[in-house]
Amino acid sequence: MTDCIFCKIANGEIKTLKVYEDSLNFAFLDINPSSLGHTLIIPKKHYQKLEEMLEEEAKEMFSLVFKLAKIIPKIVGTSSCNIGINNGKLAGQEVPHLQFHIIPRFEGDKGSPIQGLVRMKVNKEELPTLAEKIKKEIKNPEIVREGEEVKTEDKKSKEPKKEEKPKVKETEERPAKSPEREWQEFNFEEQDKAPDFSEARRE
Ligand SMILES: [Zn+2]
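Residues numbered from 1 in each chain as written. Predicted model: local features only at pLDDT ≥ 70, side-chain atom pairs only at ≥ 80, totals over all residues.

Some details on the overall build of the protein
Thought 1: In terms of helices and strands, the protein carries seven helices and five strands.
Thought 2: Walking the protein from its N terminus toward its C terminus, one meets helices and strands in the order α-β-β-β-α-β-β-α-α-α-α-α.
Thought 3: Put simply, 61% of the contacts in the protein that link residues at least 6 apart link residues at least 24 apart. (Helix = DSSP H or I, 4+ residues; strand = E, 2+ residues; numbered from the N terminus. Contact = placed C-beta atoms within 7 Å.)

Following this line, the structure appears as structure tokens:
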């Protein structure tokens, strides 16, 4: 999007204190930090919300968040941080371009836990039905957008596997989709309904 400030940051039009960049993601220090080390991780493609991403893109982004969350608190001298997304306008999203926040936490920083952000009154009797609905829906293969190729050249060239031989390196491709790992965690009661994304997309 041409008028999006985060698109301009991701393509270098607006200068920031960049901490990481690859072909898919860009990470930089927040210019109005909530705490020392407050870092934003954004996809280079313009997505407003997490669920708009392709599954493979989301995995790459989460992997970067994982790495940064490991090192940033240590670097600024603390053991804790909040990690989160204001996913949509009602959640407090100010810039309509998806952004992950890593906010290091310190003794006496006057912050609150993420679960303290919202104080909605919930009827607990509704919760078992709700849990069932979610359990059922998460088996629906159409909840993720996947299947398109994601460029990971930068990552591969920066992190070569030790066992890779140079001559086969270029031909080794990361599988375009690997839903099995995520879905294994769920107990599929009906084997014939185990997700086959390629089949589901054809139907
Ligand atoms: Zn944008």
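Some words on the confidence of the model for the protein
Thought 1: Taken over all residues, the pLDDT of the protein has a mean of 81, while the share at 70 or more is 72%.
Thought 2: pLDDT under 50 marks residues 154-161. Its contacts with residues more than four places away, or in other chains, come to four contacts.
Thought 3: For residues 163-203, every residue scores under 50 in pLDDT, and the model assigns this stretch 28 contacts once sequence neighbours within four places are set aside. (pLDDT = per-residue confidence, 0-100.)

Some remarks on the nonpolar core
Thought 1: Membership of the largest hydrophobic core comes to 21 residues, with the highest contact counts inside it found for Ala27, Ile41, Ile42, Val65, Leu68 and Ile102.
Thought 2: When contributions to this core are tallied by element, the ones reaching two or more residues are helix H1 (5-10), strand E2 (25-29), strand E3 (39-43), helix H2 (55-75) and strand E5 (100-105).
Thought 3: The element that contributes the greatest number of residues to this core is H2, accounting for six residues.
Thought 4: Not counting residues up to four positions away in its chain, the partners in contact with valine 65 are Ile41, Ile83, Phe100 and Ile102. (Core = buried A, V, L, I, M, F, W, Y, C linked by C-beta atoms within 7 Å. Buried ≥ 20, exposed ≤ 12 C-beta atoms within 10 Å, placed from the backbone.)

Quick notes on the environment of alanine 10
Thought 1: Position of alanine 10 relative to the elements: it lies in helix H1.
Thought 2: For alanine 10, a count of 23 C-beta atoms within 10 Å gives the class buried.
Thought 3: Alanine 10 sits 35 residues away from lysine 45 along the chain, and the two C-alpha atoms are 8.5 Å apart.
Thought 4: With residues near it in sequence (within four places) discarded, alanine 10 still touches Phe26, Ile42 and Lys44.

Describing the sheet that holds E3
Thought 1: The antiparallel open sheet is built from five strands, whose spatial order is E1-E2-E3-E5-E4. Each end of this open sheet is capped by a strand with a single partner; those strands are strand E1 (18-21) and strand E4 (80-85). The sheet shows a mean angle of 15° between the axes of neighbouring strands, taken without regard to direction.
Thought 2: In the sheet, E1 pairs with E2 via three bridges, with the strands oriented antiparallel. Across the sheet, lysine 18 pairs through a bridge with phenylalanine 28, a residue of E2. (Pairing = 2+ DSSP bridges. Axes fitted to C-alpha atoms, helices over the stretch in contact; angles between N-to-C directions.)

Here we look at the pairing of E5
When a strand is regular, its side chains alternate between the sheet's two faces.
Thought 1: Pairing analysis gives three bridges linking E3 to E5, with the strands arranged antiparallel. Its bridge partner being in E5, isoleucine 41 is matched across the sheet by phenylalanine 100.

Examining unusual backbone geometry
Thought 1: You will see that lysine 110, though not glycine, has its phi angle at about 65°, which is positive.
Thought 2: Tracing the backbone shows lysine 110 in the loop between E5 and helix H3 (127-137).

Let's talk about the environment of tyrosine 20
Thought 1: Relative to the helices and strands, tyrosine 20 is located in strand E1.
Thought 2: Classification of tyrosine 20 as partly exposed rests on a count of 13 C-beta atoms within 10 Å.
Thought 3: With 48 residues separating them along the chain, tyrosine 20 and leucine 68 place their C-alpha atoms 9.3 Å apart.

A closer look at the environment of histidine 97
Thought 1: Note that histidine 97 resides in the loop between E4 and E5.
Thought 2: Look past the residues within four positions of histidine 97 in its chain and what remains in contact with it is Cys4, Phe6, Cys7, Ile42, His46 and Gln48.

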